[in-house]
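# Notes for the structure review
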Amino acid sequence: MTTPAESKTVLITGASSGIGEATARRLAGRGHRVLLGARRTERLADLAEELRAAGAASVAHRELDVTSLDSVRAFAAAGVEEYGRIDVLINNAGLMPLSPIEDLRIAEWEQMIDVNLRGVLYGIAAVLPQMRRQAGGHIVNVSSVSGHRVDPTAAVYSATKFAVAALSEGLRQESRDIRVTVVSPGFTQSELTDRGGSAEAQGAARAAAEQLAIPASAIAEAIAFAIHQPANVDVNELIVRPTAQG
């Protein structure tokens, strides 16, 4: 548990399931103040109630659409209004509808760009001014091992995650008082393969995940590790994958 003086205000996007939910559980359990954001507000409300019942110091939630700059700005403003500051933003919301490029699922390409890249940019834009005023903060961008390699049917998804890595590195180099961390999960238990994409590609990904996937709590632990370092220590990148993943 953190002491009240060590407790941070943490904003988490995509907090209604998977890595976002697991991270909320981990950080709230350590005594941090968390603001949960996602489109599925009923899930957020249930999670917030559960965490409070388990003794979490402070948990709030708000509807969030990371493809809307107004929505993301309102989310950040809610964090400042609720807690007075923003110490950490975890840009976690993401989509992964896999398909061969020749399928020309252009609407899904655009959706991935909007959520996986534009959503990260909006998150940074919404919190950076407040973090500059505070002279400190931490932005954690959840990427993927697909931001380090490209596989068939994952070209567009990989492109968005390579872009997240480039964006994060650029922000890190421009910053002297704001920490920037990229966390790249391998196969992890989540809902990423549940929506969109070609049936064959998504089915193959689900089958691989069933064989290999590590729990989302493993990624939450990696995020917590980065957050809990001293202020002068910036963990720039963590790749966390199943031992058996090739």
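As shown above, the structure is provided for reference.
Residues numbered from 1 in each chain as written. Predicted model: local features only at pLDDT ≥ 70, side-chain atom pairs only at ≥ 80, totals over all residues. Heavy atoms only, no water.

## Considerations on the pattern of salt bridges
The condition that has to hold: Take a side-chain nitrogen of Lys or Arg and a carboxyl oxygen of Asp or Glu: if they are within 4 Å of each other, that pair is a salt bridge. Accessibility here uses a 1.4 Å probe with only protein chains present; expressed as a share of the type maximum, an area under 20% marks a residue as buried, one over 50% as exposed, and anything in between as partly exposed. Strands are runs of DSSP state E lasting at least two residues, helices are runs of H or I lasting at least four, and both sets are numbered from the N terminus onward.
In this structure the tally under the stated criterion is 13 salt bridges. The shortest N-O distance in the salt bridge between R105 and E108 comes to 3.7 Å. In this structure R105 comes out as partly exposed when scored by relative accessible area, which is 29%. Note that R132 and D177 form a salt bridge whose closest N and O atoms lie 3.2 Å from each other. Here R132 is found in helix α4 (residues 106-134), whereas its partner D177 is found in the loop between α5 (155-174) and β6 (178-185), with 45 residues between them in sequence. On the basis of relative accessibility, which here comes to 36%, the residue R132 falls in the partly exposed class. Judged by its relative accessible area of 34%, D177 is partly exposed.

## Details of unusual backbone geometry
A positive phi angle, near 60°, is found at A135, a position not held by glycine. Residue placement: A135 occurs in the loop between α4 and β5 (137-142). Even without a glycine there, the phi angle at T153 is positive, about 80°. Note on placement: T153 falls in the loop between β5 and α5. For T153, a relative accessible area of 28% gives the class partly exposed.

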